[in-house]
Amino acid sequence: MRPNSPNRRSLTLPHILLTGAMLIILGHWIPYVIMGDGAYLTIHDYLDSSLLKAKVLADSGQVFAPSSSIIAQYDIPRGALRSEFQMPTLLNMFLSPLATHIVLTLFMQAAAFLGMYLLLMRRILGREARVLCVGVALCYALLPFWTPGVLGVAGLPLVLYAFLGLREGERGWHLWAILLLFPFFSSLVTVGFFFLCMVAGLFVYDMLVRRRFNVAFLFGMAAMSAVYLAVEYRLVLNSINPVFTSHRQEASPVFVPLTAALDRAWDNFLNGQYHAHSLQSEVILPTILLALLLSLWKRQFRDRHLWLLIATVSFCAAISLFYGLWSSVVLEPIRTSVPLLLKFNFSRFHWLHPLLWFVAFALALALIQRQIPYRRLGLACVCLAIALQAHWAGYKNHPILEAREKHGISYAAFFATPLFSEIKRDIGQPVEDYRVVSLGIHPAIAAYNGFHTADWYLTYYPLEKKRAMRGVIAKELEKSAGLKRYFDDWGNRLYLFSAELDRDFLARRRTDAIQMPEYDLDRLRALGVTYIFSRVELYDAPPLFGEYRHPGSHWDINVYKLTD
């Protein structure tokens, strides 16, 4: 029995490492379950928009309807909302938005860990670096992923693992399953196109440098592209034969000076981008620098991992530079002369940053471990770096703690369901019989509570709606050049803007009363609006319908009724 005991111990090491990592991931996730609607979630680009799009679509009963069908709650065509084949849409048909968030969060973390672990251990570093692979995979899984993106960032290591498998001659069915399923859990326009560009570059490299034409690799790219087009069929068909003219037709990018563009590029290189956090500044970049200095000191210039590290970091730098220059005056002549460059954001290669930075982190740790003469000391350095990065990503940047520090509004307090239920009861009419607009708060709050709204935050909607709202708020926009630019040149937020409140939609409960903004109320009535939900008291306003307060609400709401 004794001769076998070392074997048994070595076989249990992977299980201990993997079990420990999974317990840490569960510990990171469980606060969502414990806190429930008391949890603090990201508001910007999530609670104020993406979460609502899936809910409104699911509640409409029009998930599988033709693109020309009307979503009554927003009075827009079905084609303006996301595909029915994407996971958030399907989950919202069976779960509440909060339950969907909780399920998606665990799913993303599990996929991120599995994908990075397989990528590092089977494609890049090998089984001898098992501790390192588990540690870096854990750090990746603890990133604050943007929930609407689902596997857009979290699943990239798994898809790269599959493509590299095809590149190396593997033909397992699971590789094809990964490639064909990924489009259902990600977006073509935010990450899919850019990832396919990256692997296409790898394919071209193999052809030109390695003199290899890999049919399976090429077919994998084609198959994944085809599935993406099938999943996003509404967007594709509307581009060919539009159901409506998009408000994006009047969008106009703002081009900044070269110095501002380079500052933006540098910030992106150090800190990443809001929707695709990579959190490389505190631990990963110093680790990479240390690995490069050790390689220079040891003169290990033929190490394959060293050159792969340099190539990966250089690619990250190129992405950041392009991200900065995209909105600069340098590219203005080119972009303004090619309509496609104004309609599509080609700078989104930064969605690849988390994948690339963590691969670079793993390569740097492998170099450090090899170049430190004492094995235990090298392992200790690796474990220390992993522990620091896990603490930075998993605790210091935990989404709940970040949201609490940033705005301090819980999920329940933000949507304030008891307060808006009281308003709905007092109005006493079916919500289908009237529309509302919100002043000083995100219109997503009213929509979440079932009201039919004439305002929203959508990335794709009919141009006629934007023009109609502009007619309502035209005088207010003339008072603020910033608001005018924001609405006219972008316009995703179709809000009842006020020059005095500006873009402050998260103010404290007590705010001084203001003069009724100069809205064209006749145009507002023409949109079917009967009530204005305002978080501030208004002077010289339409008749006050009621004042509403609730201890669990972040908002005090004054309801004004438009009379004929």
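These numbers come from a predicted model, not from an experiment.

Visitor: Is there a simple way to explain the sheet that holds strand β9 (residues 544-548) in this structure?
Guide: Either a parallel or an antiparallel arrangement is found when strands of a sheet pair, and the pairing is made through backbone hydrogen bonds. The strand order β3-β7-β10-β9 describes an open sheet built from 4 strands, whose pairing is mixed. This sheet does not close on itself; its edge strands, each paired only once, are β3 (435-439) and β9. The mean angle between the axes of side-by-side strands here comes to 20°, regardless of whether they run parallel or antiparallel. Against the sheet, helix α22 (residues 417-427) engages β7 (529-534), β9 and β10 (557-561), with an angle of about 150° to β9.

Visitor: Sorry, what's going on with the nonpolar core here?
Guide: Where a protein is soluble and globular, its nonpolar side chains tend to be buried together. Judged by nonpolar contacts, the single largest core of 103 residues is most densely connected at Phe 163, Phe 195 and Leu 355. Ranked by residue count, the leading element in this core is helix α18 (residues 353-371), at 14 residues. With near-sequence residues (within four places) excluded, Phe 163 lies in contact with Leu 179, Phe 195, Leu 196, Val 199, Phe 217, Gly 220, Met 221 and Met 224. Counting 80 residues, the second-largest nonpolar core is a separate cluster that includes Leu 419, Val 436, Tyr 486 and Ile 557.

Visitor: Explanation requested: helix α25 (residues 481-489) in the structure shown.
Guide: Side chains of residues three or four places apart in an α-helix project in the same direction, reflecting 3.6 residues per turn. The complete set of buried residues in α25 reads Leu 483, Tyr 486, Phe 487 and Asp 488. On its buried face, α25 is in contact with α24 (463-478) and β5 (493-494). Downstream of α25 by one or two residues, Gly 491 has phi in the positive range, about 90°.

Visitor: Help me understand helix α15 (residues 304-325), please; the structure alone is not making it clear to me.
Guide: Over its 22 residues, α15 runs 32 Å from end to end, which matches the ideal 32 Å to within 8%, given 1.5 Å per residue. Buried residues of α15: His 305, Leu 306, Leu 309, Thr 312, Val 313, Cys 316, Ile 319, Ser 320, Tyr 323, Gly 324 and Leu 325, and no others. In this structure, the buried side of α15 is in contact with α5 (97-124), α13 (258-271), α14 (284-298) and α18. In this structure Asp 303 caps α15, since a side-chain oxygen of it lies 2.8 Å from the backbone nitrogen of His 305.

Visitor: I keep staring at the pattern of salt bridges and nothing clicks. Help me out?
Guide: When the charged atoms of two side chains lie near each other, side chains of opposite charge can form a pair. Applying the stated criterion across every chain, the model contains 19 salt bridges. Of the charged contacts, one joins Lys 479 and Glu 476 as a salt bridge, the two residues approaching to 2.8 Å between their closest N and O atoms. Given a relative accessible area of 3%, Glu 476 falls into the buried group.

Visitor: What exactly am I supposed to notice about the side chain of Ser 410 here?
Guide: Its location among the elements puts Ser 410 in the loop between α20 (399-406) and α21 (411-415). Here Ser 410 falls in the buried class, since its relative accessible area comes to 13%. The residues contacting Ser 410, other than those within four sequence positions of it, are Asp 37, Gly 38, Ala 39 and Tyr 40.

Visitor: Sorry if this is basic, but what is going on with the state of the cysteines here?
Guide: Defined simply, a disulfide is a covalent bond joining two cysteines at their sulfur atoms. If you walk through the whole model with that rule in mind, you get 0 disulfides. With no disulfide of its own, Cys 139 lies closest to Cys 383 among cysteine sulfurs, the gap being 11 Å. Taking the relative accessible area as the measure of exposure, Cys 139 reaches 0% and is therefore buried.

Visitor: Would you mind showing me how to read the environment of Glu 547 here?
Guide: Its location among the elements puts Glu 547 in strand β9. Among the residues examined, Glu 547 registers a relative accessible area of 48% and is labelled partly exposed. For the pair Glu 547 and Asn 558, spaced 11 residues apart in the sequence, the C-alpha separation amounts to 4.6 Å. Every residue in contact with Glu 547, bar those within four places of it in the chain, is listed here: Ile 557 and Asn 558.

Visitor: Would you take a moment to explain the packing of α18 against helix α19 (residues 375-396) for this structure?
Guide: Two quantities define a packed helix pair, namely the angle between the axes and the distance from one axis to the other. Put simply, α18 and α19 touch, their axes get as near as 8 Å, and they point 155° apart. Here α18 is positioned roughly antiparallel relative to α19, judged by the angle of their axes. The element α18 and its partner α19 pack so that their crossing is right-handed. Taking contact as the criterion, the partners of Phe 358, Phe 361, Leu 365 and Gln 369 in α18 are, on α19, Gly 378, Leu 379, Val 382, Ala 385, Ile 386 and Gln 389. Each residue belonging to the contact of α18 with α19 can be placed in one class, and the counts come to 7 nonpolar, 3 polar and no charged.

Rules of the game
- Residues numbered from 1 in each chain as written.
- Predicted model: local features only at pLDDT ≥ 70, side-chain atom pairs only at ≥ 80, totals over all residues.
- Heavy atoms only, no water.
- Pairing = 2+ DSSP bridges.
- Helix = DSSP H or I, 4+ residues; strand = E, 2+ residues; numbered from the N terminus.
- Axes fitted to C-alpha atoms, helices over the stretch in contact; angles between N-to-C directions.
- Contact = heavy atoms within 4.5 Å.
- Core = buried A, V, L, I, M, F, W, Y, C linked by side-chain atoms within 4.5 Å.
- Buried < 20%, exposed > 50% of the residue type's maximum accessible area, 1.4 Å probe, protein only.
- Expected span 1.5 Å × (residues − 1).
- Polar contact = N/O pair within 3.5 Å; in protein donor to acceptor, adjacent residues only side chain to side chain.
- Salt bridge = Lys/Arg side-chain N within 4 Å of Asp/Glu carboxyl O.
- Disulfide = S-S within 2.5 Å.
- Parallel < 35°, antiparallel > 145°, perpendicular 65-115°, else oblique.
- Left-handed = near helix turned anticlockwise from the far one by under 90°.
- Nonpolar A, V, L, I, M, F, W, Y, C, P; charged D, E, K, R; others polar.

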